Amino acid sequence: MAGTKEFTKQVSTILKAGPGFSLDAADPESTPGYKGKKSDGVALLAAQDGRLDVLQEMLFAEGKFGSSKRVLLILQAMDTAGKGGIVEHVVGSMDPQGVKVAPFKAPTDEEKAHDFLWRIERALPAAGFVGVFDRSHYEDVLIHRVHGWANEDELERRYAAINEFEAGLAEQGTAIVKVMLNISRDEQKTRLLARLDDPSKHWKYSTGDLKERAFWDSYMEAYQLVFEKTSTEVAPWYVVPANKKWFARIAVQELLLEALGKLDLSWPKADFDVSAERAMAVQS
């Protein structure tokens, strides 16, 4: 690809949180599998937009003709890690008519009255769609563990429920891409200060960000348990170094390209006589 650098091997293999994975050993500053500079990464992101757009359009077209295939991108991270940037710069290149973004905040009273997966099931993408969860059902085993809002038995029940839920989605034709954007504590501090120093970014800042930051080590332990208990064959976790925003974006873009590529997509065949329709169009 002229003017860009490419990943040396499948990103999914490099970034997968498989057996023996240690979050402590994962360097948020690194760019695993990629040897280019920032300028190369920015160029690669733009160069691959067209490829991603075509695959997403094929997925959408298949969905219109009865295919059950769909993609679900799950984004989890500490505050300021760049989830919004992924939605804007990666997902934003696709046709919005075939994309559904669902941001999950604190549950409402109605949602609290149901099991934790109830609101998740209601937000799932339809056939042919790329769905994006900005936070997800994993909040119920992350923040709930960190703050002691659920006991160990309940947390274990939720891990098992998540695995069963995601296995069912995969069986129904959903390609699940679970991404944890991994930034360092120092980088988060830099980004929080940058938000405070820029009036145009104040809307992104929450006074609760610093409160949660105080539990950093507990969150890292909770994430490690999430990887150990819910990184499965059909729905593995990918830990993406995110101190460099440009790298995180091209890595997630590549994960989506791989996931879409594995769906064996094709343009639906016309259910009408193309030659006859063309002849009528010429005469019209």
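Residues numbered from 1 in each chain as written. Predicted model: local features only at pLDDT ≥ 70, side-chain atom pairs only at ≥ 80, totals over all residues. Heavy atoms only, no water.

Participant: So what about the overall build of the protein chain? Which residues, and what values?
Facilitator: Looking only at helices and strands, one finds twelve helices and five strands in the protein chain. Whereas a compact globule of 284 residues would reach a radius of gyration of roughly 19 Å, the protein chain reaches 20 Å, a difference of no more than 12%. In terms of its C-alpha atoms, the protein chain occupies a principal-axis envelope of roughly 70 × 45 × 40 Å. Put simply, 82% of the contacts in the protein chain that link residues at least 6 apart link residues at least 24 apart. Here the protein chain displays about 14400 Å² of accessible surface, and carbon together with sulfur accounts for 51% of that area. (Helix = DSSP H or I, 4+ residues; strand = E, 2+ residues; numbered from the N terminus. Rg over C-alpha atoms; globule rule 2.2 N^0.38 Å. Contact = heavy atoms within 4.5 Å. Areas by Shrake-Rupley, 256 points an atom, 1.4 Å probe, with all protein chains shown as cover.)

Participant: An account of the UniProt feature "domain: Polyphosphate kinase-2-related" (unreviewed entry) in the protein chain is requested, with residue identities and associated values reported.
Facilitator: If you check UniProt for "domain: Polyphosphate kinase-2-related" (unreviewed entry), the listed places come out as residues 44-260 in our numbering. This span, residues 44-260, is 53% helix and 15% strand, and a straight line between its end C-alpha atoms measures 18 Å. (UniProt positions renumbered as here; feature names shortened; annotations may be inferred.)

Participant: Just give me the short version of the pattern of salt bridges, but keep the residues and values in it.
Facilitator: Scanning the model with the defined rule gives 13 salt bridges in all. Measuring nitrogen to oxygen at the nearest pair gives 3.4 Å for the salt bridge that ties Glu 111 to Arg 119. A relative accessible area of 21% means that Glu 111 is categorised as partly exposed. Judged by relative accessible area, which is 10%, Arg 119 ranks as buried. Through salt bridges with shared partners, one network takes in Asp 115, Glu 154, Arg 157 and Arg 158. (Salt bridge = Lys/Arg side-chain N within 4 Å of Asp/Glu carboxyl O. Buried < 20%, exposed > 50% of the residue type's maximum accessible area, 1.4 Å probe, protein only.)

Participant: Tell me about the sheet that holds strand 3 (residues 130-134), and please be specific about residues and values.
Facilitator: Here five strands make up an open sheet; going across it, the order is 2-3-1-4-5 and the pairing parallel. One side of each edge strand has no neighbouring strand; the edge strands of this open sheet are strand 2 (99-103) and strand 5 (237-241). On average, adjacent strands in this sheet sit at an angle of 20° to one another, irrespective of strand direction. For strand 4 (residues 174-182) and strand 5, the ladder comprises five bridges, and the chain directions are parallel. Bridged to Met 180 within strand 5 is Val 239. Taken strand by strand, helix 10 (residues 216-230) contacts strand 1 (70-77), strand 4 and strand 5, and its axis lies near 145° from that of strand 5. Contacts from helix 11 (residues 245-261) reach strand 1, strand 4 and strand 5, with the element oriented near 155° to strand 5. (Pairing = 2+ DSSP bridges. Axes fitted to C-alpha atoms, helices over the stretch in contact; angles between N-to-C directions.)

Participant: Break down the packing of helix 6 (residues 139-146) against helix 7 (residues 152-171) for me, with residues and values.
Facilitator: Contact geometry of helix 6 with helix 7 gives a least axis separation of 10 Å together with a crossing angle of 165°. In this view, helix 6 runs roughly antiparallel relative to helix 7, as classed from their interaxial angle. Both helix 6 and helix 7 take part in a crossing whose hand is left-handed. Contacts between helix 6 and helix 7 involve Asp 140, Val 141, His 144 and Arg 145 from the former and Glu 152, Leu 155, Arg 158, Tyr 159 and Ile 162 from the latter. (Parallel < 35°, antiparallel > 145°, perpendicular 65-115°, else oblique. Left-handed = near helix turned anticlockwise from the far one by under 90°.)

Participant: If you had to explain the environment of Arg 145 to someone new, which residues and values would you point to?
Facilitator: Inspection of the secondary structure puts Arg 145 in helix 6. Distance in space between the C-alpha atoms of Arg 145 and Trp 267 is 45 Å, their sequence separation being 122 residues. Excluding its chain neighbours within four sequence positions, the residues that come into contact with Arg 145 are Glu 152, Leu 155, Tyr 159, Ala 222 and Leu 225.

Participant: Quick rundown of the packing of aromatic side chains? Include the residues and the values.
Facilitator: Per the stated rule, a full pass over the model turns up ten aromatic pairs. The interplanar angle of 80° and the centroid separation of 5.6 Å between the aromatic rings of Phe 21 and Phe 227 together place this pair among those described as edge-to-face. Of this pair, Phe 21 sits in the loop between helix 1 (11-15) and helix 2 (38-64) while Phe 227 sits in helix 10; the two residues are 206 residues apart in sequence, bridging distant segments of the chain. The residues Phe 21 and Phe 227 share a single accessibility class, namely buried. Cluster of aromatic residues (ring-pair linked, three or more members): Phe 21, Tyr 138, Tyr 223, Phe 227 and Trp 237. Across from the ring centre of Phe 116, 5.6 Å away, lies the NZ or CZ of Arg 158, which sits over that ring. (Phe/Tyr/Trp six-rings, centres within 6.5 Å; stacked < 30°, edge-to-face > 60°. Lys NZ or Arg CZ within 6 Å of the ring centre and 35° of its normal.)

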